[in-house]
Amino acid sequence: MWSMSGVERLTFPDRTTAIFKYARKPFDCEDQALRLAHNLGIPVPQVLASAVQDGWLGMLLEDLGSPIREADDLDGAAAAVVLHRTRSAASLPVLDEHGLRALPGRALDHLGQLRKEERWQDADDIQDSLERIAQGAETRSAGATVAPFGWVHSEFHPTSLHIGQRGWRLLDFARAFTGPGLLDLASWHGTLDAPDPVRLRALLESYVMEGGTPDALAERGGLAAEKWALGWHRIWAVEWFMEQSIRWINDPATDPAYIKVVRRHLTDVLQLLEV
């Protein structure tokens, strides 16, 4: 699987340093998101220069140095509070209730296109799962705009939170959007392991203790906040994986890996969203 981005540290003749980050579509607007975040007061590395050429973005970023430690759950909760308190930006794409409801249908469209290309042929179970989720999406998407609703980092993991000598900075804003902040908290522990609603509930409670809105604990779509967030985060991931398969990566050799991940996430979604 080939890389769509990379990061290097550059050292100039005067011994100053900067971080060079490069990426291609769909990650080629991160410089705009970082500048916007910086202007709104979100702690992010400063963009020193950027340019797009032949579909590739290149950025020179402030070098934050090596982190002094890994970010923990309390760091994540505190950073999420700051991010979600920041006023939303009109230029960011929006994922509201209508957008959530559209995700399983968009994934089905990707599946149809893959099958037209004689790919993902043995995926009737994926189609059945997506159709079940689509049928229940109107009910389960309710509450998407309940606070926190605004900035969503979308790749909110411990590796995206730099803890340095001068405090913390958020990295990796390539896919930021306006939407339910709970999706950030659902992404914090990653998707390699089975979803853990109890662990996410503890993170949500820490988020509220750090100053986040108490509405983060409210039920939505007839579900506990943690199940709602984990379920919709995984549907969001499924649609993204399938779009990568047909649009950005478009390499049949990667299909078995993507199919395996999509199947696993859909099994989780059916249980979490109870559809």
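A brief report on the enclosed structure follows. Counting of residues starts from 1 at the beginning of each chain's written sequence and follows it residue by residue. Only residues with pLDDT of 70 or above have their local features reported here, since the model is predicted, and side-chain atom pairs are shown and tallied only from 80 upward, although totals for entire chains, interfaces and linings are computed over all residues. Side-chain numbers here rest on the full set of heavy atoms in the structure, without hydrogens or water.

## A word on the sheet that holds strand E1 (residues 5-11)
In step 1: Pairing is antiparallel in the open sheet, where four strands are placed in the order E1-E2-E4-E3. Looking at strand neighbours, the two that pair on one side only are E1 and strand E3 (47-53), the edges of this open sheet. The mean angle between the axes of side-by-side strands here comes to 15 degrees, regardless of whether they run parallel or antiparallel.
In step 2: Strands were regarded as paired on the criterion that DSSP finds at least two bridges between them. Runs of E in the DSSP output that reach at least two residues are strands. Runs of H or I that reach at least four are helices, and both are numbered from the N terminus. Taken together, the six bridges between strand E2 (residues 17-24) and strand E4 (residues 56-61) define a ladder with antiparallel strand orientation. If you follow phenylalanine 20 over to E4, its bridge partner there is leucine 60. Axes here refer to lines fitted to C-alpha atoms; in helices the fit is confined to the stretch in contact. Angles between the N-to-C directions go from 0 to 180 degrees.

## Quick word on unusual backbone geometry
In step 1: In this chain, lysine 25 is followed by proline 26 through a cis amide linkage whose omega measures 10 degrees.
In step 2: Turning to its location among the elements, proline 26 is positioned in the loop between E2 and helix H1 (30-39).
In step 3: With an omega of 5 degrees, the peptide bond running from alanine 147 to proline 148 counts as cis.
In step 4: Here proline 148 lies in the loop between helix H4 (124-140) and strand E5 (149-152).
In step 5: Its identity is not glycine, yet asparagine 250 carries a phi of approximately 50 degrees, on the positive side.
In step 6: Topologically, asparagine 250 is positioned in the loop between helix H7 (225-248) and helix H8 (255-272).

## Structural notes on the side chain of serine 187
In step 1: Relative to the helices and strands, serine 187 resides in helix H5 (residues 182-187).
In step 2: Polar side-chain contacts of serine 187 include one of 2.9 Å to the backbone oxygen of phenylalanine 156.
In step 3: The contact partners of serine 187, leaving out residues within four places of it in the chain, are Phe156, His157 and His233. Here a polar contact means two N or O atoms within 3.5 Å. Within protein one must be a hydrogen donor candidate and the other an acceptor candidate, and residues neighboring in sequence count only if both atoms are side-chain atoms. The contact criterion used throughout is that any non-hydrogen atoms of two residues lie within 4.5 Å.

## Brief notes about the environment of aspartate 14
In step 1: Position of aspartate 14 relative to the elements: it lies in the loop between E1 and E2.
In step 2: Accessibility expressed as a relative area gives 53% for aspartate 14, which makes it exposed.
In step 3: Along the primary structure aspartate 14 and proline 252 are separated by 238 residues, whereas in three dimensions their C-alpha atoms are 47 Å apart. Accessible area is worked out with a 1.4 Å probe on protein chains only. A residue is then buried under 20% of its type maximum, exposed over 50%, and partly exposed in between.

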